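Close look at the chain arrangement
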Amino acid sequence: MTPKIIKKLSTDQLLTLWEMTTDIDDKNIPDVRGWLMDEMERRNPESFND
């Protein structure tokens, strides 16, 4: 999974991936979750300004 691929996913797919990565113990998961958050913020910035 890369930021380039994440940009192509639907919002529902982003949310599903977020949920799927909740309990994964892998050193790369924080990076993936960061990319997911970045993309969700890009799509809906007003939700991140509070």
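Cut-offs used in this document
- Residues numbered from 1 in each chain as written.
- Predicted model: local features only at pLDDT ≥ 70, side-chain atom pairs only at ≥ 80, totals over all residues.
- Heavy atoms only, no water.
- Phe/Tyr/Trp six-rings, centres within 6.5 Å; stacked < 30°, edge-to-face > 60°.
- Lys NZ or Arg CZ within 6 Å of the ring centre and 35° of its normal.
- Core = buried A, V, L, I, M, F, W, Y, C linked by side-chain atoms within 4.5 Å.
- Buried < 20%, exposed > 50% of the residue type's maximum accessible area, 1.4 Å probe, protein only.
- Helix = DSSP H or I, 4+ residues; strand = E, 2+ residues; numbered from the N terminus.
- Contact = heavy atoms within 4.5 Å.
- Polar contact = N/O pair within 3.5 Å; in protein donor to acceptor, adjacent residues only side chain to side chain.
- Lys, Arg positive; Asp, Glu negative; His and termini not counted.
- Salt bridge = Lys/Arg side-chain N within 4 Å of Asp/Glu carboxyl O.
- Axes fitted to C-alpha atoms, helices over the stretch in contact; angles between N-to-C directions.
- Parallel < 35°, antiparallel > 145°, perpendicular 65-115°, else oblique.
- Left-handed = near helix turned anticlockwise from the far one by under 90°.

Per the counting criterion, the structure on display carries zero aromatic pairs. For the cation-ring pair, arginine 33 lies above tryptophan 18, with the distance from its terminal atom to the ring centre recorded as 3.5 Å.

This part is about the nonpolar core. Judged by nonpolar contacts, Ile6, Leu9, Leu14, Leu17, Val32, Leu36 and Met40 together constitute the single largest core of seven residues. Of all the secondary structure elements, the ones that give two or more residues to this core are helix H2 (11–20) and helix H3 (29–43). Tallying contributions element by element places H3 first for this core, with three residues. In contact with isoleucine 6, other than residues within four places in its own chain, are Met1, Leu14, Val32, Trp35, Leu36, Glu39 and Arg43.

This part is about the environment of serine 47. Residue placement: serine 47 occurs in the segment after H3. Accessibility expressed as a relative area gives 45% for serine 47, which makes it partly exposed. Of the polar contacts made by the side chain of serine 47, one reaches the side chain of asparagine 44; its length is 2.8 Å.

Let us now look at the side chain of arginine 33. Structurally, arginine 33 is set in helix H3. Buried arginine 33, no salt bridge; nearest opposite-charge side chain is glutamate 19, N-O distance 6.3 Å. Among all residues touching arginine 33, those that are not within four sequence positions of it are Trp18, Thr21 and Thr22.

Remark: H2 packs on H3, axes separated minimally by 10 Å, with the N-to-C direction vectors making an angle of 150°. Taken together, the axes of H2 and H3 are roughly antiparallel relative to one another. Along this stretch, H2 crosses H3, giving a crossing that reads as left-handed. Between H2 and H3, the contacting residues are Thr11, Leu14, Leu15, Leu17 and Trp18 on the first element and Arg33, Leu36, Met37, Glu39, Met40 and Arg43 on the second.

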